[in-house]
Amino acid sequence: MTEEARREPGEPPRWLSDAEVGSWLSVVRLMTWLPWSIDQQLRRDSNLGMVEYQVMARLSQSPGRTLRMSALADLANASLSRLSHLVKRLEERGLVRREADRADGRFTNAILTGEGLRVLVAAAPGHVAHVRSLVIDVLSPEQLRRMGLAADRIMARIDTSEIN
């Protein structure tokens, strides 16, 4: 149940303090600008968008470089329709192909092609260098560890939120 739903009728909302607003706005800026910067680097250097890169990376880590489209959509936090459009663009470039799942024909698999793997491997060093320069190298190992733990706690809340 959300905080809003738990409040008694007529009870005022719990507004954010000045410190909380400042921290929240910093998180909002990070959520907005970090994906944009990563996307720009990948597009400039590899002609791949961030979500395309992430989908291809997920496929590369899967047995046979293959995943069901439905599982891939969950991993990419995308609707099946949105993922289908993205995979279609990757198919047109010869980076991914789709085929019926041999174990269960009701499902479609996405498969990273050899060319897709080559493009991903070529894109990875620049991508990792950019991520390192933006996030990893500006934090101490302890700050990075704590940031990861905080992100995991927030994701656990998102995963169990009734809105989702």
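The rules behind these values
Residues numbered from 1 in each chain as written. Predicted model: local features only at pLDDT ≥ 70, side-chain atom pairs only at ≥ 80, totals over all residues. Heavy atoms only, no water. Phe/Tyr/Trp six-rings, centres within 6.5 Å; stacked < 30°, edge-to-face > 60°. Helix = DSSP H or I, 4+ residues; strand = E, 2+ residues; numbered from the N terminus. Lys NZ or Arg CZ within 6 Å of the ring centre and 35° of its normal. Core = buried A, V, L, I, M, F, W, Y, C linked by side-chain atoms within 4.5 Å. Buried < 20%, exposed > 50% of the residue type's maximum accessible area, 1.4 Å probe, protein only. Contact = heavy atoms within 4.5 Å. Pairing = 2+ DSSP bridges. Axes fitted to C-alpha atoms, helices over the stretch in contact; angles between N-to-C directions. 1 Å grid on protein atoms, 1.4 Å probe; cavity = no way out; pocket = protein on both sides within 12 Å on 5 of 7 lines; lining within 4 Å. Points joined across faces, edges and corners; volume = space filled by probe spheres on them. Nonpolar A, V, L, I, M, F, W, Y, C, P; charged D, E, K, R; others polar. Parallel < 35°, antiparallel > 145°, perpendicular 65-115°, else oblique.

K.L.:
Mind showing me how you'd approach the packing of aromatic side chains here?
P.N.:
Aromatic rings considered in pairs are described by the distance between their centres and by the relative angle of their planes. Counting across every chain of the model gives one aromatic pair. For the pair W33 and W36, a centre-to-centre distance of 5.3 Å together with 80° between the ring planes defines the contact as edge-to-face. Taken together, the residues W33 and W36, both in helix α2 (residues 18–46) and three residues apart, mark about one turn of the helix. We note R68 situated over the ring of F107; from NZ or CZ to the ring centre the distance is 3.9 Å.

K.L.:
Explain the nonpolar core to me, please; I cannot follow it from the model alone.
P.N.:
One recurring pattern in soluble globular proteins is that nonpolar side chains are buried together. Core analysis: the biggest nonpolar cluster contains 23 residues, and L48, M56, L59, L83, L90 and V96 have the highest contact counts within it. Elements with a minimum of two residues in this core: α2, α3 (50–60), α4 (69–76), α5 (80–92), β3 (108–112) and α6 (114–134). In terms of residue count, α3 provides more of this core than any other element does, five residues in total. Not counting chain neighbours up to four residues away, the residues in contact with V96 comprise M56, L59, V87, L90, E91, A110, I111, L112 and T113.

K.L.:
Teacher, can you tell me more about the sheet that holds β3 here?
P.N.:
Backbone-to-backbone hydrogen bonds pair the strands of a sheet. The strands run either parallel or antiparallel. Judged by pairing direction, the sheet is antiparallel, and its three strands sit side by side in the order β1-β3-β2 without closing on themselves. Each edge of the sheet is formed by a strand with only one pairing partner; in this case those strands are β1 (66–68) and β2 (96–100). Sheet twist, expressed as the average angle between the axes of neighbouring strands with direction ignored, equals 25°. Of the strand pairs in this sheet, β1 and β3 are connected by three bridges, and their pairing is antiparallel. The residue of β3 that forms the bridge with T66 is I111.

K.L.:
Help me understand the layout of surface pockets in this model?
P.N.:
Rolling a probe over the atoms, with the probe sized like a water molecule, indicates the empty space that remains. Taken as a whole, the largest pocket encloses approximately 2,000 Å³ of empty space. Every residue lining the largest pocket is counted, 40 residues in all, and those nearest its centre are M31, A151, I154, M155 and I158. Where the lining of the largest pocket is concerned, the elements lending two or more residues are α2, α3, α4, α6 and α7 (141–160). Counting residues per element, the lining of the largest pocket draws most heavily on α7, at eleven residues. Considered class by class, the residues forming the lining of the largest pocket number 25 nonpolar, six polar and nine charged.

K.L.:
I keep staring at the packing of α4 against α5 and nothing clicks. Help me out?
P.N.:
The axes of two packed helices give the description: the angle between them and the distance between them. Where α4 contacts α5, the axes come no closer than 9 Å and their chain directions differ by 100°. The orientation of α4 with respect to α5, classified from their angle, is roughly perpendicular. Here M69, S70, L72 and A73 of α4 come into contact with α5, specifically with L80, L83, S84 and V87. Of the residues belonging to the contact of α4 with α5, the class tally is six nonpolar, two polar and no charged.

K.L.:
Sorry, what's going on with empty space enclosed by the protein here?
P.N.:
On inspection of all chains with the given rule, the structure shows one cavity of 30 Å³ or more. The space that makes up the largest cavity amounts to roughly 30 Å³. Lining the largest cavity we find V51, V55, A76, A78, R82, L83 and L86. Of all the secondary-structure elements, those providing two or more residues to the lining of the largest cavity are α3 and α5. Per-element accounting of the lining of the largest cavity gives the leading share, three residues, to α5. Class assignment of the residues belonging to the lining of the largest cavity gives a composition of six nonpolar, no polar and one charged.

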